[in-house]
Amino acid sequence: MVQRFHRADGMLEQTWIVRDTKSIRDAQLHDTLVNNASNPRLNLGEVRLYPANGLIRDRDIFPAGSPHLLELQKRLRAAGLGESLSVDIHRDDQQSVAFILHRHSGDARPYTREDEEFLLNLRPHVGKAAELSWVIDRQAEEIRQIETIADALQVGIVLCDDAGQVRWANESAEEVLSRSSCLSGEGGRLRGGSLAQEKELQALLQTQQGGLAETLVFGAGDEGELHLARIRLTNSRGMSALLISEPRRSLTPSIKDIAALLQLTQAEARVTAALCTGSTLKEYAQSRGISEGSARNQLKQVLSKTGARRQTELVLRLCSSVLFQTRTQPGSRLLS
């Protein structure tokens, strides 16, 4: 049996296991009696340091007459297991792999030099396999982190091939594809909402131009207007990233976030947010029940604090900030 462990808080926590045929058959019994956190072998505070040669016997890591060893032997017998011999492969201070052999219960034969050499000869091969699994796990974790970051972006991202077959999409893209009348992901394939849009989409995806290709606009002037751009990925066998934005949707940061970013009061952040949605000072003042003069004074304070020379510069600066590139929190509203 091969097990992989993570070290934390003085314990070895099993993160991965491969069993032989007998262990598979008796897995439930073994897991109940031995292969769990109560196994004293996994408590680094109860065992001696592992031998330098990597070969491990229970008598080497437990003191003679140890009650923990006696209890472990009792459990092993109940599980149909006898004496063990294992080899430990350390990767670093947090991760290791153990390849363990067990005699059947009642088999009192000691392990021989040949048994030890067998394990030691297998050690580098098991180590290579373990190293590969660590690399795969690390890459999988990196992919999960990248996906989390991509899901925080307002721009939709779809990875697809030249035929529009979708391989992956972030949350923004999935939402657009689910509601847009101009573009969908029906059947796992990108499709234009009309025949003309389908032809334009296929032409965009199939162009051989590298880097950022020309953009497309679907539904120009409509509430559901979409802007599309394709990036051909290098060394990816025809894969592309399709970027999707909805310029007419007011997905904007919260008042609290705007205030924190620009060091404004709540009132100042509120008038700034209103301007970013296209409201005039008069419309904002009416919506808040204040005079236009009060709204103008708030805007003057904002311009002074941000160093913007005019209203258009303030709006451009804020709309270019990182806040407008990331998704709002669920339920947040710009003018709340």
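Residues numbered from 1 in each chain as written. Predicted model: local features only at pLDDT ≥ 70, side-chain atom pairs only at ≥ 80, totals over all residues. Heavy atoms only, no water.

Engineer: Looking at this structure, I do not really get the side chain of Arg 103. What am I missing?
Structural biologist: Examined against the element boundaries, Arg 103 turns out to sit in strand 5 (residues 95-104). Take Arg 103: its relative accessible area is 13%, and that puts it in the buried class. (Helix = DSSP H or I, 4+ residues; strand = E, 2+ residues; numbered from the N terminus. Buried < 20%, exposed > 50% of the residue type's maximum accessible area, 1.4 Å probe, protein only.)

Engineer: Please explain the confidence of the model for the chain as it appears in this structure.
Structural biologist: Detailed conclusions should not be drawn from predicted coordinates in areas where pLDDT is low. For the chain, the average pLDDT comes to 88, and 93% of its residues sit at 70 or higher. The low-confidence segment residues 330-336 (pLDDT under 50) makes 12 contacts with residues lying over four places distant or belonging to another chain. (pLDDT = per-residue confidence, 0-100. Contact = heavy atoms within 4.5 Å.)

Engineer: Looking at this structure, how should I read the pairing of strand 6 (residues 156-160)?
Structural biologist: Put simply, side chains in a regular strand alternate between the two faces of the sheet. By the criterion of burial, strand 6 is predominantly enclosed, with four of the five residues buried. Relative to strand 13 (residues 240-245), strand 6 runs antiparallel, the two being bridged by five bridges. Bridging from a neighbouring strand, Ile 157 pairs with Leu 243 of strand 13. As paired elements, strand 6 and strand 7 (residues 166-169) share three bridges and run antiparallel to each other. Following the sheet pairing, Val 158 is matched in strand 7 by Ala 169. Once strand 6 ends, the chain turns through five residues before running back antiparallel as strand 7, passing Gly 164 with a positive phi of about 85°. (Pairing = 2+ DSSP bridges.)

Engineer: Just to check I follow, could you spell out the nonpolar core for this structure?
Structural biologist: When a protein is soluble and globular, its nonpolar side chains tend to lie buried together. Membership of the largest hydrophobic core comes to 24 residues, with the highest contact counts inside it found for Ile 258, Ala 269, Leu 281, Leu 299, Leu 314 and Leu 318. Element by element, the count of residues in this core is highest for helix 9 (residues 266-276), at six residues. Excluding residues that lie within four positions of it along the chain, Leu 318 makes contacts with Ile 258, Leu 261, Leu 262, Thr 272, Cys 276 and Phe 324. Judged by nonpolar contacts, the second largest core, of 18 residues, contains Cys 160, Val 176, Cys 182 and Leu 228. (Core = buried A, V, L, I, M, F, W, Y, C linked by side-chain atoms within 4.5 Å.)

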